[in-house]
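Chain by chain, the residues:
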Amino acid sequence: MKSLDHVAIIMDGNGRWAQMRSRPRTYGHIKGARVAKKIITCAADMGLKHLTLYTFSSDNWLRPKDEVNFLMTLLERYLKKESHNLYKKNIRFTTIGQTEKLPNSIQRSIAYTKNLTSGCTGLEVCFAISYGSKQEIISAVKKIASAVKDNQLDLADIDEDQFSQSLMTTGRPDPDFVIRTSGEYRLSNFLMWQCAYSELFFTDILWPDFTENQFTSICKSYFS
Ligand code: IPE
Ligand code: IPE
Ligand code: MG
C-alpha cells in the first residue's frame, strides 16, 4: 500500500504571473508567499507528515540585488508574522540550505521559529533556503572524507545510509512526491539525491494561482 508522507514543492512562476499582469516581479512574490501560507495550512489539515518548500535556491542569489533584498524582506516578514500561528497549528518549522549566508536578522527569526515549534508534533514544514543540492552533496563528501582522514570512518563503511546521514535532510524520509508549478520540467538543483525514487508531477499552473483544491487533488492523483 502506497503512503504519502512527504511532499516537496518547487514553487515556481511568481515572476511570470506578475509580468502577465504588467506588474513588477515583486508583486508575484507577495502573492506567492500568501499561497505558500495557505498550502502549509492545507497540508497540516490533510495530516501530511512532511512538506518541503523550495523557497530560495543557491542560484537565486544571482538575481538582481533588489529582487534578492525583496525576497529576504518577505521571508523575514513571513517568519515574524507566522511563527506563532505555526506553533498554534502544531507545525514544526525546519530549514535546509546554507542559512549562514542569510542576513543576521533572518537567521535570528529562523532560530526563534525553529525553537518555538521544536516540540510540535503535526506537520513538519521544511523551507529550503539558500539551498542547492550539488553544494549539499559536496559538503557531505567533505564531511565523510575528513572522517576517513581522521580514522573515524572506514572506507568500507561508506554506503547509502551513511551518505544520507551526512546530508542536510538527515533524519527525514525522502520525498514521496515532488510537485513543480509553472510548466518547467526540471529539478533546478533541488534534493537530487533524495528524489532518486520520488514521483514527479509537473503542472502549468503558476505558483500564485495554485490553490488548496489543486494541491489536494494532485496529492490524490499520487494514489491512482
Ligand atoms: C519562484 O518564482 C520564486 C523564486 C524562485 C524565489 P520565480 O521568481 O522563479 O518566477 P519565474 O519563474 O521567473 O516566473
Ligand atoms: C527554482 O526556481 C527555485 C525556487 C522555486 C525557489 P527557479 O525559477 O529559480 O529555477 P530555474 O531558474 O527555472 O531553474
Ligand atoms: Mg522561476
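I will try to describe carefully the structure that is included in this document. (Residues numbered from 1 in each chain as written. Chains lettered and ligands numbered in written order. Predicted model: local features only at pLDDT ≥ 70, side-chain atom pairs only at ≥ 80, totals over all residues. Heavy atoms only, no water.)

### Some thoughts on the overall build of the protein
Next, step 1: On a plain count of helices and strands, the protein comes out with seven helices and six strands.
Next, step 2: Helices and strands appear in the protein in the N-to-C order β-α-α-β-α-β-α-β-α-α-β-β-α.
Next, step 3: Against the 2.2 N^0.38 benchmark of 17 Å for 224 residues, the protein shows a C-alpha radius of gyration of 18 Å, consistent with a compact globule.
Next, step 4: Along the longest, intermediate and shortest principal axes, the C-alpha atoms of the protein span 60 × 45 × 35 Å.
Next, step 5: By the burial criterion, 46% of the 224 residues in the protein qualify as buried.
Next, step 6: Placing the 29 positive and 24 negative side-chain charges of the protein at their respective mean positions leaves the two points 10 Å apart. (Helix = DSSP H or I, 4+ residues; strand = E, 2+ residues; numbered from the N terminus. Rg over C-alpha atoms; globule rule 2.2 N^0.38 Å. Buried < 20%, exposed > 50% of the residue type's maximum accessible area, 1.4 Å probe, protein only. Lys, Arg positive; Asp, Glu negative; His and termini not counted. Charge placed at Lys NZ, Arg CZ, Asp CG, Glu CD.)

### Some words on the sheet that holds strand 1 (residues 6-10)
Next, step 1: The sheet built from six strands is open, its strands ordered 3-4-2-1-5-6 with parallel pairing. The open sheet has two free edges, formed respectively by strand 3 (92-96) and strand 6 (199-202), since each of these has just one partner strand. The average angle at which neighbouring strand axes cross in this sheet is 20°, direction not considered.
Next, step 2: With five bridges connecting them, strand 1 and strand 2 (residues 50-57) associate as parallel partners. Residue I10 lies in a different strand from strand 2, and its bridge partner there is Y54.
Next, step 3: Where helix 7 (residues 212-221) meets the sheet, its contacts fall on strand 1, strand 2, strand 5 (177-180) and strand 6, and the angle it forms with strand 5 comes to roughly 140°. (Pairing = 2+ DSSP bridges. Axes fitted to C-alpha atoms, helices over the stretch in contact; angles between N-to-C directions. Contact = heavy atoms within 4.5 Å.)

### Let's talk about the site of ligand 2
Next, step 1: In the vicinity of ligand 2, the residues found are I10, M11, D12, Y54, T55, F56, N60, R63, R180, R186 and S188.
Next, step 2: Contact distances for ligand 2 include 3.1 Å between an oxygen atom and a side-chain N or O atom of R180.
Next, step 3: Contacts to ligand 2 include R186, whose side-chain N or O atom sits 2.7 Å from an oxygen atom.
Next, step 4: About the coverage of ligand 2: the protein hides 78% of its 390 Å² of free accessible area.
Next, step 5: With three residues, the single largest contributor to the shell around ligand 2 is strand 2.
Next, step 6: Looking at the shell around ligand 2, its residues break down into four nonpolar, three polar and four charged. (Near = heavy atom within 4 Å. Polar contact = N/O pair within 3.5 Å; in protein donor to acceptor, adjacent residues only side chain to side chain. Areas by Shrake-Rupley, 256 points an atom, 1.4 Å probe, with all protein chains shown as cover. Nonpolar A, V, L, I, M, F, W, Y, C, P; charged D, E, K, R; others polar.)

### As for the pattern of salt bridges
Next, step 1: Scanning all chains against the criterion turns up 11 salt bridges.
Next, step 2: In this structure, K49 engages D5 in a salt bridge whose closest nitrogen and oxygen atoms are separated by 3.4 Å. Here D5 lies in the segment before strand 1 and K49 lies in the loop between helix 2 (25-46) and strand 2, a separation of 44 residues in the sequence.
Next, step 3: Between R16 and D12 there is a salt bridge, with the nearest N and O atoms lying 3.4 Å from each other.
Next, step 4: Residue R16 is classed as partly exposed on the basis of its relative accessible area of 30%.
Next, step 5: Each of D12, R16, R180, E184 and R186 takes part in salt bridges that share partners, so that together they form one network. (Salt bridge = Lys/Arg side-chain N within 4 Å of Asp/Glu carboxyl O.)

### Some points on the nonpolar core
Next, step 1: Counting residues in hydrophobic clusters, the biggest one holds 38 residues, and the most contacted among them are V7, I9, I40, L51, V125, F127 and F215.
Next, step 2: Within the residue set of this core, elements represented by two or more residues are strand 1, helix 2, strand 2, helix 3 (65-88), helix 4 (104-117), strand 4 (124-131), strand 5 and helix 7.
Next, step 3: It is helix 3 that provides the largest number of residues to this core, a total of seven residues.
Next, step 4: Counting 11 residues, the second-largest nonpolar core is a separate cluster that includes A8, I96, A128 and L191. (Core = buried A, V, L, I, M, F, W, Y, C linked by side-chain atoms within 4.5 Å.)

### Looking at the site of ligand 1
Next, step 1: Near ligand 1 you find M11, D12, G13, N14, G15, R16, R25, H29, T55, N60, R63 and L71, and these make up its full shell.
Next, step 2: Within the backbone of G13, one N or O atom sits 3.4 Å away from an oxygen atom of ligand 1.
Next, step 3: The contact in question runs from an oxygen atom of ligand 1 to an N or O atom on the side chain of R63, over 2.7 Å.
Next, step 4: Burial of ligand 1 by the protein amounts to 86% of the accessible area it has alone, namely 370 Å².
Next, step 5: Elements represented by at least two residues in the shell around ligand 1 include exactly helix 1 (14-19) and helix 2.
Next, step 6: Looking at side-chain class alone, the shell around ligand 1 contains two nonpolar, six polar and four charged residues.

Nothing here speaks to function; it is all geometry.
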